[in-house]
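# Remarks on the overall topology
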Amino acid sequence: MALSLSRLRHPLISRSLRLLSSSSSFSRSLSRTSNSGIYSVGCDEHRRLTSLSRLTGVCDSSLKPKWFGIRYFSSADSSHLVIGMPALSPTMTQGNIAKWRKKEGDKIEVGDILCEIETDKATLEFESLEEGFLAKILVPDGSKDVPVGQPIAITVEDQDDIKNVPASVGSGTEVKEKKPTHQDVTDEERKSEPTSSEINASELPPHIVLEMPALSPTMNQGNIAKWRKKEGDKIEVGDILCEIETDKATLEFESMEEGYLAKILAPEGSKEVAVGQPIAITVEDAGDIEAVKSSSGSSSSSKKEQTTQRDTKTEVKAQKTSSKRISPAAKLLISEYGLDASTLNASGPHGTLLKGDVLSAIKSGKLTPKPSSAKEKAPPSQSHQQSAASPESKSASASKQSDAYEDLPNSQIRKVIAKRLLESKQNTPHLYLSSDVTLDPLLSLRKDLKEQYDVKVSVNDIIIKVVAAALRNVPQANAYWDVEKGEVVLCDSVDISIAVATEKGLMTPIIRNADHKTISAISSEVKELAAKARDGKLKPQEFQGGTFSISNLGMYPVDKFCAIINPPQACILAVGRGNKVVEPIIGTDGIEKPAVVNKLNLTLSADHRVFDGQVGGAFLSALKSNFSDIRRLLL
């Protein structure tokens, strides 16, 4: 401890270490009586994670070993302790509340797990340092990007003190959402407002609000595909409540407690529901269901009335300003279609009517013709003809415009694929290496397996085995780039991701330890995983991870192509179709003769930070050798 104190430079931290080195009762009483006191303690980075999970605060990179601090926030006006978001890794500046293990009102013992926190490294358990009762949860399940040090919960020593905790505690340091002004309110912002704001918790009986869970590491929103339970249904532990479409697959959401499903807040088909947003309410007793329904229903109706009034004010203001500022392109369209500019909603800055606003109105078909003016000096007969022909021409133009294109909504999976592929091309230096291999030995082996052993395998199944054997022979190719460390990391196992096309997008189920499996075992596993991928039933462990990817378009008229790397992997192999070509071969008599052979093009897309020419050449050489002598893979 003396050595640690000598290396700490901040006087507050030194003072805290002396305070916390005393008895726990003294430390506890001190934290209760000091106003806004902050105490810190050092801890070795390599100690057990249960110790780290109790630590929060700052990290000084200059200290060896690295140190973490504990922050206590206390108030003299009541006997309670405010718990802040801990720093569970040296690089952690914020974290996500994955799950609360304790509920409000629960008894807490020293060492009890309060919640699970998702850091920049892993999901760790946060233990309690003191005994007491969990009075209030300030940051609910699923909360994202909670800064280190921000209050997440309040505990008290005595159960009777729970009701005495001021409602304002912790509110000053919570993350405040930006409230949109009347001018900034849009339909999307109103749609994304938390459903919990429509629920008056004080009027409800004892209940639990279920929130959209984070079912994959990259998930920040999901779609409610189907509710398995209806309002009023009895729920047991482990029952499937609903099916949620994530950025990877459609997964089942299980109930962690028994009770009754009182109210569904996010109905079937709800799109882009943010993680942490309430989706349902459960109660313990069946008699409380009606109370929940009536309370949430009345709150919802009043909320809708307020929203309608706000929308009306916004639309009126937009209409008033739209006639004052009109872009030149919008003016041209208004003149061409004979529209009334005062009836069009403006979305531009300062109420400017833009070209897109006019096109949206034309596409919707809700066109209001410009009223005739008495000041116009056109002959009456000509005006009559123009006004009579105008609606017909406008209707035809609007119909033609609406038939010009169709908007296709993207699934959650497609959105994530688009984002990740763009990031891959922008952030990963792609190196492309291509080679042609002879396919005849593979086709011969496949034919013999079917005729002699009645084993049916595809060309892709054998390619997976060939690639896995090459990765085992060239372990430098079975690696990835660690961005944080700035170095290459070799993978211990050969896990092959295979690209499977589904209606919702491209999925990549994984054949784990492919180098140790037979071709028939690989074939069976590929069929099973592909069927699950198409049905959206893949489990997270079946598509997360992987060290190498294969994309095969050989079933299409594609001779060769270049695939995009799937981060954090460093390689993907693009397999084209086989083609018959004429090549000179040496016959048994030693004379070179022309012959027809089947050739297959392989194009490797590699991360140039991991692969250089030597590693890429060695890997392609191993691949070509395995294709030419493919029967040795059976040994």
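Residues numbered from 1 in each chain as written. Predicted model: local features only at pLDDT ≥ 70, side-chain atom pairs only at ≥ 80, totals over all residues. Heavy atoms only, no water.

### Focus on the overall build of the protein chain
Per the secondary structure count, the protein chain includes 15 helices and 27 strands. Counting all 635 residues of the protein chain, 42% fall into the buried class. Taking the contacts inside the protein chain whose residues are at least 6 apart along the sequence as the reference set, 64% of them involve residues at least 24 apart. Accessible area of the protein chain: about 34,400 Å², with a carbon and sulfur share of 52%. (Helix = DSSP H or I, 4+ residues; strand = E, 2+ residues; numbered from the N terminus. Buried < 20%, exposed > 50% of the residue type's maximum accessible area, 1.4 Å probe, protein only. Contact = heavy atoms within 4.5 Å. Areas by Shrake-Rupley, 256 points an atom, 1.4 Å probe, with all protein chains shown as cover.)

### Section: unusual backbone geometry
That bond from Pro567 to Pro568 is cis: its omega, 5 degrees, falls within 30 degrees of zero. Turning to its location among the elements, Pro568 is positioned in the loop between β25 (548-552) and β26 (571-586). In this structure, Asp145 takes a positive phi of about 55 degrees despite not being glycine. By the secondary structure assignment, Asp145 is in the loop between β7 (132-137) and β8 (146-147).

### Some words on helix α7 (residues 328-337)
Every α-helix winds through 3.6 residues per turn, so residues three or four apart in the chain are directed the same way. Those residues of α7 that sit buried are Ala330, Leu333, Ile334 and Tyr337. For α7, the buried positions fall inside an angular range of 100 degrees around the axis, keeping them on one side. Away from its buried face, by an angle of more than 90 degrees, α7 presents the exposed residues Pro328, Leu332, Ser335 and Glu336. (Arc of directions from axis to C-beta.)

### A few points about the sheet that holds strand β3 (residues 94-100)
The strand order β6-β5-β3-β8 describes an open sheet built from four strands, whose pairing is antiparallel. Since the sheet does not close on itself, it has two edges, and those belong to β6 (123-127) and β8, each with one partner. In this structure, β3 lies alongside strand β5 (residues 113-118), joined through four bridges in antiparallel fashion. Bridge pairing in β5 places Lys99 opposite Glu116. (Pairing = 2+ DSSP bridges.)

### Here's the deal with the environment of Asp559
Inspection of the secondary structure puts Asp559 in the loop between β25 and β26. Sequence spacing of Asp559 and Val575 is 16 residues, and the spatial spacing of their C-alpha atoms is 8.4 Å. Excluding residues within four positions of it along the chain, Asp559 makes contact with Gly576, Arg577, Asn579 and Asn601. Looking at Asp559, its side chain comes within polar contact range of the side chain of Arg577, at 2.7 Å. Here Asn579 takes part through its side chain, which lies 3.0 Å from a polar atom of the side chain of Asp559. (Polar contact = N/O pair within 3.5 Å; in protein donor to acceptor, adjacent residues only side chain to side chain.)

### So, the confidence of the model for the protein chain
Of the residues in the protein chain, 69% have a pLDDT of 70 or more, and the chain-wide mean is 74. For the protein chain, the element scoring lowest by mean pLDDT is helix α4 (residues 49-52), at 34; β25 scores highest, at 95. Low confidence marks residues 316-323, where pLDDT is under 50. Its contacts with residues over four positions away, or in another chain, come to eleven contacts. Scored below 50 in pLDDT, residues 372-389 shows one contact in the model against residues more than four places distant or in partner chains. (pLDDT = per-residue confidence, 0-100.)

### Things to note about the packing of α7 against helix α8 (residues 355-364)
With their axes 7 Å apart at the nearest point, α7 and α8 run at an angle of 30 degrees to one another. When the interaxial angle is binned, α7 and α8 end up roughly parallel. The segment α7 lies against α8, with Ala329, Ala330, Leu333, Ile334 and Tyr337 engaging Lys355, Val358, Leu359 and Ile362. Of the residues assigned to the contact of α7 with α8, the class counts are eight nonpolar, no polar and one charged. (Axes fitted to C-alpha atoms, helices over the stretch in contact; angles between N-to-C directions. Parallel < 35°, antiparallel > 145°, perpendicular 65-115°, else oblique. Nonpolar A, V, L, I, M, F, W, Y, C, P; charged D, E, K, R; others polar.)

### Quick look at the sheet that holds strand β24 (residues 510-511)
Pairing is mixed across the open sheet formed by six strands, whose spatial order is β18-β27-β26-β25-β21-β24. Of all strands in the sheet, those with a lone pairing partner are β18 (430-438) and β24, marking the two edges. Sheet topology places strand β21 (residues 496-498) next to β25; three bridges connect them, and they run parallel. Residue pairing for β25: Ile498 is matched across the bridge by Ile550. Running over the sheet, helix α15 (residues 613-628) touches β18, β25, β26 and β27 (592-607) and is turned about 20 degrees from β18.

### Considering the environment of Ile208
Within the secondary structure, Ile208 is located in strand β10 (residues 207-211). Counting along the chain gives 53 residues from Ile208 to Leu261, while the straight-line C-alpha distance between them is 9.7 Å. If we skip the residues at most four places from it in the chain, Ile208 touches Lys103, Glu257, Ala280, Ile281 and Thr282.

### Digging into the packing of aromatic side chains
Throughout the structure, instances matching the rule amount to one aromatic pair. Here the aromatic rings of Phe548 and Phe619 are separated by 5.5 Å at their centres, their planes lie at 50 degrees, and the arrangement is tilted. In this pair, Phe548 sits in strand β25 while Phe619 sits in helix α15, placing the two residues 71 residues apart along the sequence. Like Phe619, Phe548 is buried. (Phe/Tyr/Trp six-rings, centres within 6.5 Å; stacked < 30°, edge-to-face > 60°.)

### Some words on a negative patch on the surface
On the surface, a cluster of negative charge is made up of Glu236, Glu258, Glu284 and Asp285. Note that Glu236 resides in the loop between β12 (234-235) and β13 (240-245). A relative accessible area of 35% places Glu236 in the partly exposed class. (Patch = residues over 30% accessible without salt bridge, like charges linked within 9 Å, V, L, I, M, F, W, Y side chains within 5 Å. Salt bridge = Lys/Arg side-chain N within 4 Å of Asp/Glu carboxyl O. Lys, Arg positive; Asp, Glu negative; His and termini not counted. Charge placed at Lys NZ, Arg CZ, Asp CG, Glu CD.)

### Structural notes on the packing of helix α11 (residues 440-453) against helix α12 (residues 459-473)
Their axes nearest at 10 Å, the elements α11 and α12 cross at an angle of 115 degrees. Note on packing geometry: the crossing formed by α11 with α12 is right-handed. Contacts between α11 and α12 pair Leu442, Leu443 and Arg446 from the former with Val459, Ile462 and Ile463 from the latter. (Left-handed = near helix turned anticlockwise from the far one by under 90°.)

### Re the nonpolar core
Val467, Ile496, Phe548, Phe611, Phe619, Leu623 and Phe627 are the most contacted members of the largest nonpolar core, which has 58 residues in total. In this structure, Ile496 is in contact with Ile464, Val467, Leu471, Pro509, Ile510, Ile511, Ala514, Phe548 and Ile550, ignoring residues within four places of it in sequence. Formed by 26 residues, the second largest nonpolar core is a distinct cluster that contains Met85, Leu124, Val139 and Ile152. (Core = buried A, V, L, I, M, F, W, Y, C linked by side-chain atoms within 4.5 Å.)

### A look at the environment of Glu284
Inspection of the secondary structure puts Glu284 in the loop between β17 (278-283) and α6 (289-322). Looking at Glu284, the relative accessible area reads 61%, which means it is exposed. Measuring from C-alpha to C-alpha, the distance between Glu284 and Tyr260 comes to 6.1 Å, with 24 residues separating the pair along the chain. Not counting the four nearest positions on each side in its chain, Glu284 is found in contact with Pro206, Gly259 and Tyr260.

### Thoughts on a positive patch on the surface
A contiguous patch of positive charge on the surface is contributed by Arg446, Lys450, Lys456 and Lys527. Here Arg446 lies in helix α11.

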